[in-house]
Amino acid sequence: MADIRKKLGEAELEIMQVIWNSSSPVTSNHILSELQDKRKWQLSTLMTSLSRLSGKGFVSCDRSTGRNLYTSLVSENDYKTGASRHFLKQLYNNSIQNMIATLYNSKEMQASDVEELREFLNQLEEGQ
């Protein structure tokens, strides 16, 4: 299992999103075609990134079929949960309140965002 504390770079995250969005193992050519609008990569560049992701424990490569088929070893939800916890700890001393206050005070949150958050929290409480 991957060390969730290991951060994915922007390009690595884009690769993982392609893999996560697929219902079956994917080839490097599939990943390359999915990323063609975002990245102008040669296959060798993608292969280097996939090798790094494998080394970090995020993907596995099945070579038994004659084609390299890549599968995620870490679910998208598990990664997001770990990355969110790390982000909250590093920047806001594990305080969601501090994060929200920072966003609100810097005018990054609009009144509509506050209302949406309030409705979401209300729904969570009703569901318990």
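Refer to the structure presented above.
Per chain, the residues get numbers from 1 upward, laid out in the order the sequence is written. Per-residue local features are limited, in this predicted model, to residues with pLDDT of at least 70; the limit for side-chain atom pairs, both in listing and counting, is 80 or more; totals at the level of whole chains, interfaces and linings are taken over all residues. Remark: hydrogens and water are excluded; side-chain values derive from all non-hydrogen atoms of the structure.

Draft legend 1. Summary view of the packing of aromatic side chains. When two rings of Phe, Tyr or Trp (its six-membered ring) have centres within 6.5 Å they constitute a pair, described as stacked for plane angles under 30 degrees, edge-to-face for angles over 60, and tilted for the intermediate range. Taken as a whole and assessed by the stated rule, the structure comprises three aromatic pairs. The interplanar angle of 35 degrees and the centroid separation of 6.1 Å between the aromatic rings of W20 and Y79 together place this pair among those described as tilted. One end of the pair, W20, is in helix α1 (residues 10-21); the other, Y79, is in helix α4 (residues 76-92), and 59 residues separate them in sequence. Of the two residues, W20 and Y79, neither departs from the other in class, the shared state being buried. Both rings, one in F58 and one in Y79, keep their centres 5.7 Å apart while their planes meet at 75 degrees; by these two values the pair is edge-to-face. With F58 in the loop between α3 (43-55) and β1 (59-62) and Y79 in helix α4, this residue pair connects regions lying 21 residues apart in the sequence. Strands are runs of DSSP state E lasting at least two residues, helices are runs of H or I lasting at least four, and both sets are numbered from the N terminus onward. Buried residues are those whose accessible area, probed at 1.4 Å on protein chains only, stays under 20% of the maximum for their type, while exposed residues exceed 50% and partly exposed ones sit between those limits.

Draft legend 2. Structural detail: the nonpolar core. Buried residues of nine kinds, namely Ala, Val, Leu, Ile, Met, Phe, Trp, Tyr and Cys, make up a nonpolar core once their side-chain atoms join them within 4.5 Å. Within the largest apolar cluster, 19 residues are counted, with the highest numbers of intra-cluster contacts made by I15, M16, I19, I31, L50 and L53. Put simply, the parts of the chain that give this core at least two residues each are α1 and α3. For this core, the leading source of residues is α1, giving six residues.

Draft legend 3. Structural context of α4. Compared with an ideal rise of 1.5 Å per residue, which puts 17 residues at 24 Å, α4 spans 23 Å between its outermost C-alpha atoms and is within 8% of the ideal. Considered for burial, the residues of α4 that qualify are Y79, G82, L88 and Y92. Where α4 is buried, its residues contact α1 and α5 (96-105). One or two residues past the end of α4 sits N93, with phi positive at roughly 55 degrees. A helix's residues, less one, multiplied by 1.5 Å, set its expected span. By definition in these notes, contact holds between two residues if any of their heavy atoms fall within 4.5 Å.

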